[in-house]
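Residue-level listing of the chains:
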Amino acid sequence: MTFAQEPSARRPVLERRRRGPLLPTIVVLVVLFIALSAAAEIWTEVLWYRQVGFGGVYRTRLVTQIVLFVLGAVVMTAAVFASLALAYRSRPVYAPVSPEQQNLDRYRESLEPLRRVVMIALPAALGLFAGSAVSGQWQTVQLWLNRVPFGEVDPHFGIDVGFWVFTLPFLRFLIGFATAVIVLAALGGAAVHYLYGGIRLQGEGPRTTPAARIHLSVLAGLAVVMQGGAYWLDRYALLNEDSQLSSGASFTGATYSDINAVLPAKTILAVVAVVVALLFVVTAIRGSWRIPALGVGLLIVAAIVIGGIYPLIVQRFQVSPNEQDLEADYIQNNIDATLAAFALEDVDVQLYTAQTNAEAGALREDARTAASIRLLDPGLVSPAYRQLQQIRPYYAFPDTLDVDRYTIDGAPRDAVVAVRELDLDGLGSRSWVNDHTVYTHGFGVVAAYGNQRQDDGRPLFFQQGIPSTGELEIGEPRVYFGELSPNFSIVGGAEGSTPQELDFPDDDSPNGQRNTTYEGDGGPGIGGFFNQLLYAIKFQDYNILLTDQVNSQSQILYDRHPRDRVEKVAPFLTLDGNVYPAVVDGRIKWIVDGYTTTDQYPYSDRQVLESATQDSTTEQSAAVMALAQDEVNYMRNSVKATVDAFDGTVQLYAWEEDDPLLQAWEGVFPGAVTPMSEISGDLMSHLRYPEDLFKVQRTLLTRYHVTDPEAFYTTQDFWRTPQDPTTSAENPADQPPYYLTLQMPGQEQPSFSLTSTFIPQATGENVRNVLTGYLAVDAEPGDQAGQRREGYGQMRLLQLPRDSTVNGPGQVQNEFNANPTVSQALNVLRIGDSEVINGNLLTLPVGEGLLYVQPVYVQSSGETSYPLLQQVLVSFGDQIGFAETLDEALDQVFEGDSGVTTGDAGAGGGGGGGTTAGGGDTGGPTSGDTGGDTGGGTGGGQAPADAQQRLDEALVRANQAIQDGQAALADSDFGTYGEAQDRLNQAIVDALQAQSDITGEPIGGAQPSDAPTDQSTEAP
């Protein structure tokens, strides 16, 4: 018996011994793992911020979040715990005898063993949630602590706008948090009182004990006081409410009924709430719940009647019959506030009666603008850069390039610029060592003239190759930080060690490549075991810990995208979706525009940044993106940031130094933002007016060009941004703004500008694609160190008369596509499976009218193909020009002599005759009516006998030239490729001439030998 019982008696003990250490061990391991991961994340962030020189930003943010987390957690935990403890200690000694209490007995018995744990764990858990929520409001708290006045007052209360931007969000946060604490404490206390008999729902006699009544009535009174405070703050929040009028107009701000009905109602409700709170205090003393219950009922009725029904009555019977008159002042408040909040107060609005008659010499007064017309489309030419300048498959360019300007031979020139970055996807052999220690950086800058091209349509580069050569002086061409950089790289080596990083391919080196060792200071040191361990945890890559590529001088480079670096050091900024490179003082710099924004500016219209900044470029490009889906009603380009492509150095420069939001953030992070006076002259010359701010402003100007409240109410004169005519009908998107160098009417000289157009707002089937407005902003800040050029940021809006019939972009594109001459020529260009691609459709206010210019690219089939600029389309009024060069196309439109010499004339572009010339001698404009027998045809419409044979032969030669060119490209034989392109161009010319002889229709021609030429202007 004893023997038989011994195992069963000992088995539980043995089992407990086996299970005993397991759970604690797992818990300890989990806690250690979480602690180590948190430590790795925090410490690596400390190292990163120290290295980049913004340790104070991280420290301030972290300390603020920790303090707020502790305060939120302590307040919530203490309040809920105190309420639970007070309810438990004040429980009745003997619970009342009733069926209800008998049913609760078993719950009390079940809870008793865990009571202490629950009364600590529940408040602690709620405290953790509260702390997390409160720490997320660190920006709200810091802005309130460092608030500054705006210097502007609202039109109703007469209070500084800073109250809405800084103070009101903070007060609403406090009331919301306090309400949550009180409600949760009250619910917890009520649950304990009920469980232990302090509250009865059944039976006769008092429903609550005196202790429970006092406890809960005090908490209920505090909750009602908080509600009264919320009502009081709602009065100010009315100035940020969105309103919809019966006419269809919408705006942000208080309406007539808000000010005259809702505002008094909110005031009354706030007073009633305070009175009801006092009734709860009376209940705590006198013991009757009837009075506060009546008070709560009164508050609810008042909220429904005074806060809801009364404003509806005012709106229905007083406002609606007289809405246009009664809402006029409030619409005006909205217009004024919106223009102020988005820096649109000083828009220079001009009535522009555009001429539509194309007369000879019409562009003579706009010679400098015409000479700078950009033909190279930055959204299309990336494949050409890739094929011609990629050098090796592990280099890459972004899919959308950037427009900048450089001074070459003493003259400013628009340029299309790209950085040759590293693309690990192009590596033939992938390994951890290759990915993270050998292939670490890109090399150099590639830049081409914006208004010129080579004879075969390729970009005309003025900076190219490896090593980078050309017009720009680049002291440090290596690109370790960029838009395509790898996740992380380990670089650096001990002095005298063998270089491990591939620098660039070099046929003169033994292995066909030149190696280098990083000598910058771009990342935290990773030489010690402890740092290796932390980064192995951070990147979840144990190879960092095991590799022998790490030495005492090693650095780890990460967070390498310029936008990511600026976002980390300036968490208070909204960053532009387009980061662009520039060669500044001999170094490659990435330039990032930063915005300070808020959604609390009173009466200002709200904009959803994502929808306002979306266009065809953001839809199609990975390099340019729309902003996040945030609502703002105040926006300033307050900071210009730069990131050095070699060492990742981040600099923040104050651009709008009088911006109150920037001043408040400078108080939060002293020293983080450098004054504008520190901007060098070279950097200043490459800064520009930012695209996303312009997109938001143009979206607002579709409505807020109307400054008369009565006209605004009717919505009849509202505009919209036209759709990009080069996109498909299945996937329409807004036309993006374009950077151009032009001279607007009233402007003394041309300047680098950002431009956009407007067409009427679509209303049902009444859609008209005629131009209603043209917007340009002076985007040129000058080249003076620390000082912006006067005139930078000046917006000029040309408003066309309401009865204007100037074609919009969509109509112009349709006319291009439908024109028989153009379509015939493009059909010839499509031979051999070639694709014709329309470039960006530019609009320029020149010749006292509006000129449209569109480059036409041809791209053959095949993996190595890329678009070549072959033709230029031009439209002015009802005249269309189509030629191999812009100069020729303009002459076609303007009666054989536009009066200007453009940038692509005789400067490496175009060749010696328009491809549409076909040997003809017309030179006249091509219009929608191309019939007749004028010039270049056979006169009587009879085709020469050999015309068809010549056309067939030309097409065969063109097809053969395309095939030869593709074969040459595959072998990287650019000399043979250029020869093939020459043969292709000649074949196209011959085919067009033969086609013209067959149809009897002219297709445009070169400038006649006897046509007048303008000798007063020269290409830059």
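Heads up: the structure comes first, above all this text.
As the structure is a computational prediction, the values presented were derived from the model and not from experiment.

A. Looking closely at the overall build of the protein chain. In terms of regular secondary structure, the protein chain is built from 29 helices and 34 strands. For the protein chain, with 1020 residues in total, the buried portion stands at 55%. Of all intrachain contacts in the protein chain linking residues separated by at least 6 positions in sequence, the fraction that spans at least 24 positions is 71%. Surface exposure of the protein chain reaches about 43,600 Å², of which carbon and sulfur atoms provide 53%.

B. Highlighting the environment of Phe 173. Relative to the assigned elements, Phe 173 resides in helix H7 (residues 162–195). Overall, Phe 173 belongs to the buried group, its relative accessible area being 16%. Measuring from C-alpha to C-alpha, the distance between Phe 173 and Val 134 comes to 8.8 Å, with 39 residues separating the pair along the chain. The residues contacting Phe 173, other than those within four sequence positions of it, are Val 134, Gln 137 and Val 141.

C. Here's a closer look at the sheet that holds strand E9 (residues 445–453). Strand order in the open sheet made by the five strands is E5-E6-E9-E10-E11, with antiparallel pairing throughout. Every other strand in the sheet has two partners, leaving strand E5 (402–408) and strand E11 (469–470) as the edge strands with one partner each. Where E5 meets strand E6 (residues 411–419), seven bridges bridge the pair, whose relative direction is antiparallel. Among the inter-strand pairings, Thr 407 is bridged to a residue of E6, identified as Pro 412.

D. Just the packing of helix H2 (residues 22–52) against helix H16 (residues 529–538), in detail. Where H2 contacts H16, the two axes come as close as 9 Å, and the packing angle between them is 110°. When the axes of H2 and H16 are compared, the pair comes out roughly perpendicular. Across the interface between the two elements, Leu 36, Ser 37, Ala 40, Glu 41, Trp 43, Thr 44, Glu 45 and Leu 47 from H2 touch Phe 530, Asn 531, Leu 534, Tyr 535, Ile 537 and Lys 538 from H16. Its residues placed into classes, the contact of H2 with H16 shows eight nonpolar, three polar and three charged.

E. Local environment of the side chain of His 686. Structurally, His 686 is set in the loop between helix H22 (681–684) and helix H23 (691–704). A polar contact of 3.0 Å, which involves the side chain of His 686, links it to the side chain of Asp 404. Looking at His 686, its side chain comes within polar contact range of the main-chain oxygen of Arg 405, at 3.5 Å. Excluding residues within four positions of it along the chain, His 686 makes contact with Asp 404, Arg 405, Tyr 406, Tyr 580, Ala 582, Val 583, Val 584 and Ile 591.

F. Geometry of the pattern of salt bridges. Tallying each qualifying case throughout the model produces 31 salt bridges. Two residues, Lys 538 and Glu 45, come together in a salt bridge whose shortest N-O distance is 3.9 Å. You can see Lys 538 sitting in helix H16 and its partner Glu 45 sitting in helix H2, a full 493 residues away along the chain. A relative accessible area of 22% places Lys 538 in the partly exposed class. We note a salt bridge from Glu 631 to Arg 606, for which the minimum N-O separation is 3.8 Å.

G. View of a nonpolar patch on the surface. A cluster of nonpolar side chains, Val 296, Ile 300, Val 301, Ile 304, Val 305, Ile 309, Ile 313 and Phe 317, forms an exposed patch at the surface whose accessible area comes to about 710 Å². As for its position among the elements, Phe 317 is in helix H10 (residues 290–319). Taking relative accessible area as the criterion, Phe 317 reaches 63% and is therefore assigned exposed.

H. Inspection of the environment of Gln 892 at higher detail. Examined against the element boundaries, Gln 892 turns out to sit in helix H27 (residues 886–893). In this structure Gln 892 comes out as buried when scored by relative accessible area, which is 1%. Distance in space between the C-alpha atoms of Gln 892 and Phe 882 is 7.6 Å, their sequence separation being ten residues.

I. Structural detail: the pairing of strand E10 (residues 459–464). Most of E10 sits out of view: five of its six residues are buried. Here E9 runs beside E10; their pairing, made up of three bridges, is antiparallel. Looking at the pairing, Arg 453 lines up with Pro 459 of E10. Hairpin connection of E9 to E10: five residues between the antiparallel strands, including Gly 457 at a positive phi of 100°. Sheet topology note: the E10/E11 ladder contains two bridges and is antiparallel. Bridging from a neighbouring strand, Gln 463 pairs with Gly 470 of E11. Linking two consecutive strands that pair antiparallel, namely E10 and E11, is a turn of four residues; a positive phi of about 80° is found at Gly 465 within it.

J. Local environment of the packing of aromatic side chains. Following the criterion strictly, the structure yields 41 aromatic pairs and no others. Where Tyr 601 meets Tyr 634, the ring centres are 5.7 Å apart and the plane angle is 10°; that geometry is what we call stacked. Of this pair, Tyr 601 sits in the loop between strand E19 (587–598) and strand E20 (607–608) while Tyr 634 sits in strand E22 (residues 634–644), placing them 33 residues apart in sequence. Taken individually, Tyr 601 and Tyr 634 each receive the classification buried, so the pair is uniform in this respect. Summarising the aromatic geometry, the rings of Tyr 689 and Tyr 792 are spaced 5.9 Å apart at their centres and angled 50° between planes, so their arrangement reads as tilted. Of the two residues, Tyr 689 sits in the loop between H22 and H23 while Tyr 792 sits in the loop between strand E27 (773–778) and strand E28 (795–799), which places them 103 residues apart along the sequence. An identical accessibility class is assigned to Tyr 689 and Tyr 792; each is buried.

K. Here's a closer look at unusual backbone geometry. Note the cis peptide between Ile 466 and Pro 467, where omega equals -5°. Tracing the chain through its elements places Pro 467 in the loop between E10 and E11. One non-glycine residue with positive phi stands out, namely Ala 343, at about 55°. The topology assignment puts Ala 343 in the loop between helix H12 (328–341) and strand E3 (348–351). At Gln 540, a position not held by glycine, the phi torsion is positive, near 50°. For Gln 540, the position within the fold is in the loop between H16 and helix H17 (543–546). Gln 540 sits in the exposed class, given a relative accessible area of 73%.

L. Just the side chain of Ser 509, in detail. Secondary-structure assignment places Ser 509 in the loop between strand E14 (501–505) and strand E15 (513–516). On the basis of relative accessible area, Ser 509 is assigned to the buried category, the value being 13%. A polar contact is formed between the side chain of Ser 509 and the side chain of Asp 506, at a distance of 2.9 Å.

M. Here's a closer look at the pairing of strand E33 (residues 879–883). For E33, the buried fraction is high: five of the five residues fall into the buried class. Residues Gln 879, Gly 881 and Ala 883 of E33 are buried on one face, and the alternating residues Ile 880 and Phe 882, pointing to the opposite face, are buried as well. Summarising the sheet, strand E32 (residues 868–876) and E33 pair through five bridges and their orientation is antiparallel. Opposite Ser 875, over in E33, you have Ile 880 as the bridge partner. Hairpin connection, E32 to E33: the antiparallel pair is bridged by two residues, and Gly 877 has positive phi, about 65°.

N. Summary view of the environment of Gly 492. Among the secondary structure elements, Gly 492 is positioned in the loop between strand E13 (488–491) and E14. Gly 492 gets classed as buried once you look at its relative accessible area, which sits at 18%. Spatially, the C-alpha atoms of Gly 492 and Ser 554 are 4.6 Å apart, while their sequence positions differ by 62 residues. In contact with Gly 492, other than residues within four places in its own chain, are Glu 501, Thr 517, Tyr 518, Asn 551, Gln 553 and Ser 554.

O. Inspection of the nonpolar core at higher detail. Membership of the largest hydrophobic core comes to 154 residues, with the highest contact counts inside it found for Phe 54, Tyr 406, Val 569, Leu 652 and Met 795. Among the elements that make up this core, the one with the highest residue count is H7 (twelve residues). The contact partners of Leu 652, leaving out residues within four places of it in the chain, are Phe 54, Val 566, Val 569, Ala 570, Val 639, Lys 640, Ala 641, Ala 672, Val 673 and Thr 674.

P. Examining the packing of helix H3 (residues 55–89) against helix H5 (residues 115–135) more closely. H5 packs onto H3 with a crossing angle of 150° between their chain directions and a minimal axis gap of 7 Å. Relative to H5, H3 is oriented roughly antiparallel. For the pair H3 and H5, the crossing hand works out as right-handed. Classifying every residue of the contact of H3 with H5 gives 18 nonpolar, seven polar and one charged.

Q. Layout of H16. Among the residues making up H16, those that are buried are Asn 531, Gln 532, Leu 534, Tyr 535 and Ala 536. As for H16, its buried residues are in contact with H2, H17 and strand E16 (555–558). In the segment just after H16, Gln 540 is the residue with positive phi, at about 50°.

Reading the values: rules and limits
- Residues numbered from 1 in each chain as written.
- Predicted model: local features only at pLDDT ≥ 70, side-chain atom pairs only at ≥ 80, totals over all residues.
- Heavy atoms only, no water.
- Helix = DSSP H or I, 4+ residues; strand = E, 2+ residues; numbered from the N terminus.
- Buried < 20%, exposed > 50% of the residue type's maximum accessible area, 1.4 Å probe, protein only.
- Contact = heavy atoms within 4.5 Å.
- Areas by Shrake-Rupley, 256 points an atom, 1.4 Å probe, with all protein chains shown as cover.
- Pairing = 2+ DSSP bridges.
- Axes fitted to C-alpha atoms, helices over the stretch in contact; angles between N-to-C directions.
- Parallel < 35°, antiparallel > 145°, perpendicular 65-115°, else oblique.
- Nonpolar A, V, L, I, M, F, W, Y, C, P; charged D, E, K, R; others polar.
- Polar contact = N/O pair within 3.5 Å; in protein donor to acceptor, adjacent residues only side chain to side chain.
- Salt bridge = Lys/Arg side-chain N within 4 Å of Asp/Glu carboxyl O.
- Patch = residues over 30% accessible without salt bridge, like charges linked within 9 Å, V, L, I, M, F, W, Y side chains within 5 Å.
- Phe/Tyr/Trp six-rings, centres within 6.5 Å; stacked < 30°, edge-to-face > 60°.
- Core = buried A, V, L, I, M, F, W, Y, C linked by side-chain atoms within 4.5 Å.
- Left-handed = near helix turned anticlockwise from the far one by under 90°.

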